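Single-letter residue listing:
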Amino acid sequence: MKVVVGIDVSKDWFDIAWKENDRIKTQRFDSTASGINQLMKATPADAIYVMEATGVYHARLAVTLFETERKVAVINPLVIKRYGQMRLSRVKTDTADASLILSYGENVEFMLWKPEPHHIQELKVAQGWLDDLTEDMTRLSNRGHAQSYLVVRSTMVDRQFLRRKEQLKQDITECEAHLEKQVKKHFAELYKLLNSIPSIGSKTATQLIISTGGFTKFISIKQLSAYVGVSPTTYESGSSVRGRGGIAKMGQGRLRQLLYLCSWTARKCNPSCVALYERLQAFAVATKKTAYSPEFA
């Protein structure tokens, strides 16, 4: 049987739970290099360390365990949450969460984790910074639009607004140039292929490469579409529930937004997409006519 150590990671410490002689043992360690060393001394070397992806807080622990040749699994927090709901868990503490993760690791199959290449991690950090800059620019633009309707204006605010907007433009341009340069350096051929697709531009190509790790995370188009959040859904039950399907919007929201914008261009300039769009339009018209025709009523 596999030995599992469930770990609930917090900012300043992490709680662990594992079984010894069929009894669950729990312990808390500081989120420091010393605390991680104490963890490895206290637990079996052949154990599988299972933890949630908790932003940046789990990263040092996961990497240190991996570099010392320990087996690591990093699980989506939503998966653990749903697993707890399935078990009707009512207690929410750090120790209880560690025990829940332990139970998940013992009863569910999962893939072992390994860190992404250094250049991919660097690209993701830069992409995250660009996303923050873009959000700041959107917020500032909305504020500027609201200010234009004010009866009484502030000269000082207008001056700082223009200065901040100009600085954000420069930062966004610099960040985009850096990302494009690094992507061309590490994924030159892939970047060229993506840009050869009608309607795919440099921003979307860059985002696709960074988000997918150069398309190395998936072995099928279904996995990729699920990761992005564009996989189709069906809402039906019995003979009475016939809900309208859509896409499962669980995934990369920013990438999904870019692909949506690309789709409007693709339906005009990409022959394959034009044919698909026309076929879907014809199907929608035919379905609507059938559903609301007098004969159907």
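Just so it is clear, the model here is predicted, and its values are computed rather than measured.

Colleague: So what's going on with the UniProt feature "domain: Transposase IS110-like N-terminal" (unreviewed entry) in the protein? Which residues, and what values?
Modeller: Taking the numbering used here, the UniProt-annotated feature "domain: Transposase IS110-like N-terminal" (unreviewed entry) corresponds to residues 5-145. In the segment residues 5-145, helix accounts for 50% and strand for 22%; the C-alpha atoms at its two ends are 53 Å apart.

Colleague: Describe the packing of helix H5 (residues 118-147) against helix H8 (residues 202-212), with residues and values.
Modeller: One can describe the packing of H5 onto H8 by two numbers: an axis separation of 9 Å at closest approach and a directional angle of 125 degrees. What the angle tells us is that H5 and H8 run oblique. For the pair H5 and H8, the sense of crossing is left-handed. Contacts from Leu123, Lys124 and Gln127 in H5 reach Gln207, Ile210 and Ser211 in H8. Residues belonging to the contact of H5 with H8 are distributed by class as follows: two nonpolar, three polar and one charged.

Colleague: Account for the sheet that holds strand S4 (residues 48-52), with residues named and values stated.
Modeller: With mixed pairing, five strands are arranged side by side in an open sheet as S3-S2-S1-S4-S5. If you trace the sheet from one side to the other, it starts and ends with strand S3 (23-30) and strand S5 (71-75), each paired once. Put simply, the sheet's adjacent strands are angled 20 degrees from each other on average, direction ignored. Bridge count for S4 against S5 is five bridges, and the pairing is parallel. Within S5, the position partnered with Ile48 by the bridge is Lys71. Along the sheet, helix H1 (residues 33-42) makes contact with strand S1 (4-9), strand S2 (13-20), S3 and S4, crossing S3 at roughly 160 degrees.

Colleague: Please give an account of the nonpolar core that cites residues and values.
Modeller: Ranked by size, the top nonpolar core spans 26 residues in total, and within it Leu123, Leu179, Val183, Phe187, Leu194 and Ile209 carry the most contacts. Among the secondary structure elements, those contributing two or more residues to this core are H5, helix H6 (155-186), helix H7 (188-195), H8, helix H9 (221-228) and helix H10 (253-269). Among the elements that take part in this core, H5 stands out by supplying seven residues, more than any other. Leave out the neighbours within four places in its chain, and Ile209 touches Val183, Phe187, Leu190, Tyr191, Leu194 and Gly214.

Colleague: I'd like to hear about the UniProt feature "domain: Transposase IS116/IS110/IS902 C-terminal" (unreviewed entry) in the protein, residue by residue, with values.
Modeller: Here, UniProt's "domain: Transposase IS116/IS110/IS902 C-terminal" (unreviewed entry) annotation points to residues 192-277. Overall, residues 192-277 shows 55% helix and 9% strand. The separation of its end C-alpha atoms is 26 Å.

Colleague: Tell me about the environment of Trp13, and name the residues and values.
Modeller: Note on placement: Trp13 falls in strand S2. With 167 residues separating them along the chain, Trp13 and Glu180 place their C-alpha atoms 38 Å apart.

Colleague: Which residues make up the packing of aromatic side chains, and what are the values?
Modeller: Evaluation of the coordinates by the stated rule reveals six aromatic pairs. With a centroid separation of 5.4 Å and an interplanar angle of 85 degrees, the aromatic rings of Tyr83 and Tyr104 are classed as edge-to-face. In this pair, Tyr83 is assigned in helix H3 (residues 77-86) and Tyr104 in helix H4 (residues 94-107), connecting sequence segments 21 residues apart. Taken as a pair, Tyr83 and Tyr104 share a single burial class, namely buried. When the centroid spacing of 6.4 Å and the interplanar angle of 20 degrees are considered together, the rings of Tyr104 and Phe110 count as stacked. Assessed through its relative accessible area of 8%, Tyr104 is described here as buried. Among the aromatic side chains, those forming a connected cluster through ring pairs are Tyr83, Tyr104 and Phe110.

Each value, and the rule that gives it
Residues numbered from 1 in each chain as written. Predicted model: local features only at pLDDT ≥ 70, side-chain atom pairs only at ≥ 80, totals over all residues. Heavy atoms only, no water. UniProt positions renumbered as here; feature names shortened; annotations may be inferred. Helix = DSSP H or I, 4+ residues; strand = E, 2+ residues; numbered from the N terminus. Axes fitted to C-alpha atoms, helices over the stretch in contact; angles between N-to-C directions. Parallel < 35°, antiparallel > 145°, perpendicular 65-115°, else oblique. Left-handed = near helix turned anticlockwise from the far one by under 90°. Contact = heavy atoms within 4.5 Å. Nonpolar A, V, L, I, M, F, W, Y, C, P; charged D, E, K, R; others polar. Pairing = 2+ DSSP bridges. Core = buried A, V, L, I, M, F, W, Y, C linked by side-chain atoms within 4.5 Å. Buried < 20%, exposed > 50% of the residue type's maximum accessible area, 1.4 Å probe, protein only. Phe/Tyr/Trp six-rings, centres within 6.5 Å; stacked < 30°, edge-to-face > 60°.

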